[in-house]
Amino acid sequence: MVLWDRQGYIPAMDIQHSAAQPSTTPAAIRREDYCPPAWAVPEITLDFRLDPAETHVRAALSVTRSSAHGEPLRLDGAGQTPVSVKVDGVTINDWRMEGEQLVVPLSGDTHVVETEVVIAPDRNTQLMGLYASGGNLCTQCEAEGFRRITFFPDRPDVLSVYRVRMTADAQRFPVLLANGDPVAQGANDDGTQWAEWHDPFPKPSYLFALVAGDLAVNRATFTTMSGREVELGIWVRAADLAKTDHALHALKLSMAWDERVYGREYDLDVFNIVAVDDFNFGAMENKGLNIFNSRYILADPDTATDYDYDAIAAVVAHEYFHNWSGNRITCRDWFQLSLKEGFTVYRDQCFSADQGSAAVKRIEEVRGLRASQFPEDSGPLAHPVRPESYIEISNFYTATIYNKGAELIRMMATILGPVKFRAATDLYFDRFDGTAATCEDFVACMEEAGGVDLRQFRLWYSQAGTPRVSAGLSHEPGGGRAVLRLAQHVPPTPGQPVKQPMVLPLKVRLFGAETGRPLTDERLILLDQVAETITFEAITERPVLSINRGFSAPVVIESDRTAEDLAFLSAHDDDPFARYEAMQQLMLDTLVAGTINGTMNSEAVIDAVARTLEAEGLEPAFLAEAVLLPSENFIGDQLAMVDPDAIHAARESLREQLGRALAPAWRRLYAEMAQGAYVYSPEAKGRRRLRNVALGYIAASGAEDAAALALAQFDDADNMTDRQAALTTLVGTDAPEREVALERFHARYADNALVLDKWFQTQALSSRDDTGAVVARLAEHPHFTLANPNRARSLIGAFGMNQRAFNAADGSGYRFLADQLIALDRLNPQTAAKLLPPLGRWRRFDAERAKLMRAELARIVATPGLSKDLFEQASKSLD
Ligand code: TRP
Ligand code: ZN
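Residues numbered from 1 in each chain as written. Chains lettered and ligands numbered in written order. Predicted model: local features only at pLDDT ≥ 70, side-chain atom pairs only at ≥ 80, totals over all residues. Heavy atoms only, no water.

An unreviewed UniProt entry annotates the protein chain as Aminopeptidase N originating from Sphingomonas paucimobilis NBRC 13935. Listed under Catalytic activity (unreviewed entry) in UniProt, the entry text for the protein chain is "Release of an N-terminal amino acid, Xaa-|-Yaa- from a peptide, amide or arylamide. Xaa is preferably Ala, but may be most amino acids including Pro (slow action). When a terminal hydrophobic residue is followed by a prolyl residue, the two may be released as an intact Xaa-Pro dipeptide." (UniProt positions renumbered as here; feature names shortened; annotations may be inferred.)

Asker: Could you clarify how one ought to interpret the state of the cysteines in this entry?
Answerer: Covalently bonding the sulfur atom of one cysteine to the sulfur atom of another cysteine gives a disulfide. As enumerated under the stated definition, the model contains 0 disulfides in all. For C35, which is in no disulfide, the shortest distance to another cysteine sulfur is to C331 and amounts to 18 Å. Between C141, a cysteine without a disulfide, and C138, which holds the nearest cysteine sulfur, the sulfur-to-sulfur distance is 10.0 Å. (Disulfide = S-S within 2.5 Å.)

Asker: For this particular structure, what's the right way to read the packing of helix 1 (residues 245-262) against helix 6 (residues 418-432)?
Answerer: Between two packed helices, both the angle of their axes relative to each other and the distance between the axes serve to describe the pair. The interhelical angle for the contact between helix 1 and helix 6, taken along N-to-C directions, is 110°, at an axis separation of 10 Å. Taken together, the axes of helix 1 and helix 6 are roughly perpendicular relative to one another. Along the contact surface, helix 1 presents R260, V261 and Y262, while helix 6 presents F421, R422, T425, D426 and F429. Residues that form the contact of helix 1 with helix 6 fall into these classes: 4 nonpolar, 1 polar and 3 charged. (Axes fitted to C-alpha atoms, helices over the stretch in contact; angles between N-to-C directions. Helix = DSSP H or I, 4+ residues; strand = E, 2+ residues; numbered from the N terminus. Parallel < 35°, antiparallel > 145°, perpendicular 65-115°, else oblique. Contact = heavy atoms within 4.5 Å. Nonpolar A, V, L, I, M, F, W, Y, C, P; charged D, E, K, R; others polar.)

Asker: Hey, could you run me through the packing of helix 14 (residues 644-661) against helix 15 (residues 663-672) in this one?
Answerer: With their axes 4 Å apart at the nearest point, helix 14 and helix 15 run at an angle of 75° to one another. Regarding the angle of helix 14 to helix 15, the classification is roughly perpendicular. Counted together, L658, G659, R660 and A661 of helix 14 and A663, P664 and W666 of helix 15 form the full contact between these two elements. Residue classes in the contact of helix 14 with helix 15 are distributed as 5 nonpolar, 1 polar and 1 charged.

Asker: Is there a simple way to explain the packing of aromatic side chains in this structure?
Answerer: Here the distance between the centres and the angle between the planes together describe a pair of aromatic rings. Applying the stated criterion across every chain, the model contains 41 aromatic pairs. Judged by centre distance (5.9 Å) and plane angle (85°), the ring pair of F799 and F806 falls under edge-to-face. Just as F799 is buried, F806 falls in that class too. The cationic tip of K287 hangs over the ring face of F201; the distance from NZ or CZ to the ring centre is 4.3 Å. (Phe/Tyr/Trp six-rings, centres within 6.5 Å; stacked < 30°, edge-to-face > 60°. Buried < 20%, exposed > 50% of the residue type's maximum accessible area, 1.4 Å probe, protein only. Lys NZ or Arg CZ within 6 Å of the ring centre and 35° of its normal.)

Asker: Could you clarify how one ought to interpret the coordination of the zinc ion (ligand 2) in this entry?
Answerer: Ideal values for angles at a metal depend on the geometry: 109.5 degrees with four tetrahedral donors, 90 or 180 degrees with six octahedral donors. Taken together, H318 (NE2), H322 (NE2), E341 (OE) and E341 (OE) make up the full set of protein donors to the zinc ion (ligand 2), lying 1.9 to 2.7 Å away. Between consecutive donors of the zinc ion (ligand 2), the numbers of intervening residues give the motif H-x3-H-x18-E. (Donors = N, O, S within 2.8 Å, 3.2 Å for Na, K, Ca; no water.)

Asker: In this structure, what is going on with the side chain of T224? I would like to understand it.
Answerer: Note that T224 resides in the loop between strand 17 (216-223) and strand 18 (229-236). A polar side-chain atom of T224 sits 2.5 Å from a polar atom in the side chain of E265. The contacts of T224, once residues within four sequence positions are left out, are V230, E259, E265 and Y266. (Polar contact = N/O pair within 3.5 Å; in protein donor to acceptor, adjacent residues only side chain to side chain.)

Asker: Honestly, the sheet that holds strand 16 (residues 210-213) in this entry has me stumped. Any pointers?
Answerer: The strands making up a sheet associate through hydrogen bonds between their backbones, and the pairing can be parallel or antiparallel. The 4 strands are arranged 10-11-16-13 in an open sheet whose pairing can be described as antiparallel. Of all strands in the sheet, those with a lone pairing partner are strand 10 (129-133) and strand 13 (175-178), marking the two edges. Ignoring which end each strand starts from, the neighbouring axes of this sheet average 20° apart. With 5 bridges joining them, strand 10 and strand 11 (residues 136-140) adopt antiparallel strand pairing. The residue bridging G129 from the neighbouring strand is Q140, located in strand 11. (Pairing = 2+ DSSP bridges.)

Asker: In this structure, what is going on with empty space enclosed by the protein? I would like to understand it.
Answerer: Picture a little ball the size of a water molecule; that probe, rolled over the atoms, points out where space is still empty. Applying the stated criterion across every chain, the model contains 1 cavity of 30 Å³ or more. Residue lining of the largest cavity: R295, Y296, D308, A311 and I312, and that is the complete set. Its residues placed into classes, the lining of the largest cavity shows 3 nonpolar, no polar and 2 charged. (1 Å grid on protein atoms, 1.4 Å probe; cavity = no way out; pocket = protein on both sides within 12 Å on 5 of 7 lines; lining within 4 Å. Points joined across faces, edges and corners; volume = space filled by probe spheres on them.)

Asker: Please explain the pairing of strand 13 as it appears in this structure.
Answerer: Regular strands place side chains that alternate from one sheet face to the opposite one. Burial of the side chains of strand 13 extends over both faces: V175 and L177 are buried on one face and L176 and A178 on the other. With 4 bridges connecting them, strand 13 and strand 16 associate as antiparallel partners. Paired with L176 across the bridge in strand 16 is A212.

Asker: What's the story with the environment of G282 in this structure? I'm lost.
Answerer: Along the chain, G282 falls in the loop between strand 19 (270-276) and strand 20 (283-284). Judged by relative accessible area, which is 16%, G282 ranks as buried. Distance from G282 to P384, taken between C-alpha atoms, is 23 Å for residues 102 residues apart in sequence. The contact partners of G282, leaving out residues within four places of it in the chain, are F292, N293 and Y296.

Asker: Is there a simple way to explain the site of ligand 1 in this structure?
Answerer: Taken together, 15 residues are adjacent to ligand 1, and E142, A283, E285, E319 and Y402 come closest. A distance of 2.5 Å is found between an oxygen atom of ligand 1 and a side-chain nitrogen or oxygen belonging to Y402. A total of 370 Å² of accessible area belongs to ligand 1 in isolation, and the protein chains cover 98% of it. The set of elements that each furnish at least two residues to the shell around ligand 1 consists of strand 20, helix 2 (306-321) and helix 3 (337-355). Of the residues in the shell around ligand 1, the class split is 6 nonpolar, 4 polar and 5 charged. (Near = heavy atom within 4 Å. Areas by Shrake-Rupley, 256 points an atom, 1.4 Å probe, with all protein chains shown as cover.)

Asker: Hey, could you run me through the domain arrangement of the protein chain in this one?
Answerer: Much of the literature gives interface size as the accessible area that the parts lose upon coming together. Structurally, the protein chain comprises domain 1 (332-461), domain 2 (476-488 + 497-550), domain 3 (561-703) and domain 4 (750-878). Computed from C-alpha coordinates alone, the two centres of domain 1 and domain 3 are separated by 31 Å. Opposite the 12 residues of domain 1 that make contact, domain 3 presents 13 residues. Note on domain 1 versus domain 3: buried area summed over both sides is about 1,000 Å², and carbon and sulfur give 62% of it. When residues of domain 1 are sorted by the area they lose upon contact with domain 3, I363, R367 and R370 head the list and together hold 54% of the total. Across the contact surface, domain 1 and domain 3 share 2 salt bridges. A salt bridge links R370 to E581; the nearest nitrogen and oxygen atoms lie 2.4 Å apart. Linking domain 1 to domain 3 there are 4 residue pairs in polar contact (both at pLDDT 80 or more). (Domains from an automatic or database assignment. Buried area = accessible area lost by both parts, 1.4 Å probe. Salt bridge = Lys/Arg side-chain N within 4 Å of Asp/Glu carboxyl O.)

Asker: Please clarify how the UniProt feature "domain: Peptidase M1 membrane alanine aminopeptidase" (unreviewed entry) in the protein chain should be interpreted in this entry.
Answerer: Taking the numbering used here, the UniProt-annotated feature "domain: Peptidase M1 membrane alanine aminopeptidase" (unreviewed entry) corresponds to residues 247-457. Helix makes up 55% of residues 247-457 and strand 9%. Its end C-alpha atoms lie 37 Å apart.

Asker: Where do I start with unusual backbone geometry in this structure?
Answerer: For the peptide bond that leads from E142 to A143, omega is -5°, which places it in the cis range. By secondary structure assignment, the location of A143 is in the loop between strand 11 and strand 12 (160-169). You will see that A538, though not glycine, has its phi angle at about 50°, which is positive. Positionally, A538 belongs in the loop between strand 29 (531-536) and strand 30 (543-547). Note on A538: relative accessible area 55%, which makes it exposed.

Asker: What am I meant to see in the sheet that holds strand 27 (residues 504-512) here?
Answerer: An order of 28-27-30 is seen for the 3 strands of this open sheet, with the pairing classed as antiparallel. Unpaired on one side and paired on the other, strand 28 (523-527) and strand 30 mark the two borders of the sheet. Across the sheet, the mean angle separating the axes of adjacent strands is 35° when strand polarity is ignored. Pairing between strand 27 and strand 28: 5 bridges, direction antiparallel. If you follow K507 over to strand 28, its bridge partner there is L524.

Structural data, given as structure tokens:
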């Protein structure tokens, strides 16, 4: 067991967990151990006899020796043994199993190796490999699922051309899809039918996919920039067909956007998307055959919120963009995961920003980063964007790899500027097309086409932890100079006790405290020393500092700005993000003081919110973001020791005060933002959002009619955004309307799994005192199941994010989560491991809670038969 040798991480000596680990501690894979593959597999032919209970998979691999070596062929497997092995058409017997690997001795430099295995998709509860969902069969291979289907060198730097033949019962599985283009199909006499697909683009095994099922399709065509027609199809169960138009539209927008912004054209004649209900992640970019969690495809106004619509467009774009950033250029090894994920998230973020308000989009991104990536980066599971080691790669599909990775690309785009950044991505796509590349390859292209030196910038890939920047501005009165003193500090993280200073691109501007006017242009400062001083000449009035505008670097700013300065910026800054940020900082300072002291001076916040609500020319969507208080978790992240009840009390008190002091404004907005019949547009979304924020404040004020108002909105709503917002408002109250709304919601959507997820989630996130008990009861509800990841996340995942309820002083929340994770681990280790991190926050809590949390972590680690996935997360969280 590793004990992090660093200040702040106290070795966990008093907990006896090591004796009860899995019989052998799973081994770590290291980046420095990378070796190129000994054998290449230029071609593979797969033949599936598909049946949920017993699927026969025959694979023929053409293999070639990569260099002069005497190594046998090693093929990864998981849970199977081969029924037969042939080399060049002849059955052999000198193969052997080493662990899960099939080892085949080969004498020549090129051979055809054939294997046959039998697998049982309907018993596959992990949802990795070939599995059954809603009566259909589908695959998930990233990262290491292909080895659960057939024996293969299951690593991303082995690229092969795939030919796939499927045979299945024609009634149960009328639709047979795989990667690439359809080649042929036909019927057999025995009631089965077959189809053959061919993907001409060499790809790694993690991009393999097939689907067999009873599906309906929503079709369209897209004409590419060079005039080729692509046939698009979104496949779902027939009853859901009417809910696929939004996703199909988003797909067409994405295809056009990638041509316009990156010059990237689609390359096959068909592009299919299939939606399935049981899925470990959001979606998967399999070549020509994306497979999606149905929550990121299905939408209509009655069942999907504005948030859902936006997420669908973003995920459709994300997976589509992977066709270039991920598929045409893939990753050499899994340590390079952010090469495709960070870049693709950056691409989908820019796409979404282009569809509506870029400022609001940026605010949402930063809120997400602070809610998930910053806590990860300051906790026991912190890791660099390019990790050095892992036990289970599935645990590294994290906010750090995805979202911090995207921030790295964004910083390079900022440093290069748009023209050079485009030249650099052109160079990257051109140079590495058809290969498995590294993060280093990407940065080298940025350097070469951008004409910049990124040597020190590369530390962003290797050093974990969120940099902290202190900023102090001083001024010589009477038209003198202003001096900005900046200093950076990167906190220690597991395995990295000492850090080098990084390159931090900080956009900065000064404003005059008296006139409210800008005193300088916006400047891009590249802070690359531990400390630096920047001088501004001829500053004619007291300057106020606007820093990290647009969130130009993913850092924490610690400044000496007063409440007055922050209120000033929230009213005068010309960068909408900075304006939002100033208000957030003002609220945060107030709430932290309130948490610590038990009382707070809320005047500055109330005043600033009032002024923002009255300001001219602000779009409703921005207003809604600006006046929302920071979450309880984010307040907790500011404190050395989290006191969940005090945080909750301070935040509720400020909400109530804002609700009361500005009651007329909330009422006015609630009336003014009402709209006619539902439309989905950036403007309409913004108005709904602001109106629902106003409803929240009306309820927070304790107004007597609030519950009735919310229930009326609940009943009259013609869309899910307004209905769910009303439900959420009611679920946080003790009003009798609460039960009424919950019952009506459940009755109305009892047969819609995605909407029922909202019903579970809203209750798990409730701030009421009884939430822990309610969640425990909901876990016994007939509609609850751990077998479906969306449902598990909606209750267990949401509860873990509910800071106050989860951290109940008696430890009941910790015990509940641990019980659920141990049960879930037996079905689906990947999903269980994803839900563990809240238990790893013990260092931030009082000794009593810390002890209770660690006892649960130790209990998890001591569980017989624990997966590698959950073992890695729990043991690292304990250390
Ligand atoms: N590559 C997928 C994406 O980012 C992620 C993904 C889908 C995934 N399914 C998975 C990752 C299963 C791990 C396990 O779009
Ligand atoms: Zn991705």
